[in-house]
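Inside the fold
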Amino acid sequence: MKDVSLVEAEPDFETKLAPVVHRFTLEDVSFHSDASSCWIVIADKVYDVTEFLHTHPGGEEIILENAGSDATISFQSKGHSASAVDMMAKYCIGELVQATKRLSLKTVSVAICRNLDMECKSPSSRLTTSYFTTIFC
Ligand code: HEM
């Protein structure tokens, strides 16, 4: 018979287990591209922002323009505050499968700045953003 004493001794052990991470392809995300179901990708994480659309301080239109796709560049170029970034966790539903992941913004911005022999202060500067666009689009 199985020893279940560990489970019995720790009634809340399930909450201590690593969370299940849901993985999606960009194609999965593409099926959620309007106000009835709106997913976006930011830095390889997938967000369901359907409920947030109507209260987004920047308006719903701008998010809908990116619905069902990778909004990393748009999000980054609008220069969101730290509290905006904190809010994002609430809407995160998973991440992209490895095969469809891009290099992280930080890695790419540092690489670009090295190439340009620039000091890398802000990845959202106009110059850097235009280089992101060149690389990602
Ligand atoms: C989960 C995703 C997002 C969250 C939690 C979020 C949150 C916010 C918050 C809190 C603000 C108020 C200003 C600030 O605190 O920075 C804001 C403004 C704004 N957001 Fe977002 N946002 C999200 C996605 C996006 C995306 C994908 C875009 C563009 C495609 C976008 C474009 C804007 C714009 C244009 C503003 C107005 C900036 C201004 O008036 O200066 N946001 N957002």
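Provided above is the structure to which this section pertains.
The numbers attached to residues start from 1 for each chain and follow its sequence in the written order. For a predicted model such as this one, the threshold for reporting local features is a pLDDT of at least 70, and the threshold for listing and counting side-chain atom pairs is 80 or more; totals across whole chains, interfaces and linings nevertheless cover every residue. Neither water nor hydrogens contribute to the side-chain values; these are computed over all heavy atoms in the structure.

1. Looking at the sheet that holds strand β5 (residues 92–96)
Heads up, the condition is: Following DSSP output, two strands are said to pair if at least two bridges run between them. For helices the rule is a DSSP run of H or I covering at least 4 residues; for strands it is a run of E covering at least 2, with both sets numbered from the N terminus onward.
The 5 strands are arranged β1-β5-β4-β3-β2 in an open sheet whose pairing can be described as mixed. At either end of the open sheet lies a strand with only one pairing partner, and these are β1 (23–24) and β2 (33–34). Strand direction decides the pairing type here: strand β3 (residues 37–42) and strand β4 (residues 45–48), joined by 4 bridges, are antiparallel. Counterpart to I42 in the pairing with β4 is K45.

2. Things to note about the coordination of the iron atom of the ligand
In plain terms, the rule: Keep in mind that water is not among the atoms, so a site may look incomplete; donors are the N, O and S atoms within 2.8 Å of the metal, or 3.2 Å for Na, K and Ca. In short, tetrahedral needs four donors with all angles between 85 and 135 degrees, square planar needs four and octahedral six donors with opposite donors over 155 degrees apart and all other angles between 65 and 115, and whatever is left is irregular. For the exposure calls, accessible area comes from a 1.4 Å probe over protein chains only, and a residue counts as buried if that area is under 20% of its type's maximum, exposed if over 50%, partly exposed in between.
For the iron atom of the ligand, the full set of protein donor atoms is H56 (NE2) and H80 (NE2), at a range of 2.0 Å. Coordination at the iron atom of the ligand is octahedral: its 6 donor atoms span angles of 84 to 179° at the metal. In this pair, H56 sits in the loop between β4 and α4 (60–64) while H80 sits in the loop between α5 (72–77) and α6 (82–88), placing the two residues 24 residues apart along the sequence. On the accessibility criterion, H56 (14% relative accessible area) is buried.

3. Notes on the pairing of β4
Taken together, β3 and the strand that follows it, β4, pair antiparallel across an intervening segment of 2 residues, in which A43 is found at a positive phi of about 45°. Pairing of β4 with β5, which is carried by 3 bridges, proceeds in the antiparallel orientation. What sits directly across from V46, in β5, is G94.

4. What about the site of the ligand?
Operational definition: The cutoff for a nearby residue is simple: one of its non-hydrogen atoms must lie within 4 Å of the molecule or strand. Polar contact is the term for a pair of N or O atoms within 3.5 Å; when the atoms are in protein, one must be able to donate a hydrogen and the other to accept it, and sequence-neighboring residues count only if both atoms are side-chain atoms. A cavity here means a set of 1 Å grid points, computed over protein atoms only, where a 1.4 Å probe fits but cannot escape. A pocket is an open set with protein on both sides within 12 Å along at least 5 of 7 lines, and lining residues have an atom within 4 Å of a point. Molecules are considered to sit inside a cavity or pocket once more than half of their atoms lie within 2 Å of its grid points. Under the scheme applied here, ten amino acids are nonpolar (Ala, Val, Leu, Ile, Met, Phe, Trp, Tyr, Cys and Pro), four are charged (Asp, Glu, Lys and Arg), and all others, including Gly, are polar.
Taken together, the neighbourhood of the ligand is formed by 18 residues, with H56, N66, S74, H80 and S81 sitting nearest. Taking H56, its side chain carries an N or O atom lying 2.8 Å from a nitrogen atom of the ligand. Taking a 2 Å distance to the grid points as the criterion, the majority of the atoms of the ligand fall inside the largest pocket. The residue inventory of the shell around the ligand, partitioned by class, reads 11 nonpolar, 6 polar and 1 charged.

5. Some details on the pattern of salt bridges
So the rule is basically this: Salt bridge criterion: a side-chain nitrogen from Lys or Arg within 4 Å of a carboxyl oxygen from Asp or Glu.
Taken as a whole and assessed by the stated rule, the structure comprises 1 salt bridge. One salt bridge in this structure joins R23 and E95, with 3.1 Å as the shortest N-O distance. Here R23, found in strand β1, pairs with E95, found in strand β5; they are 72 residues apart in sequence, far enough to count as distant.

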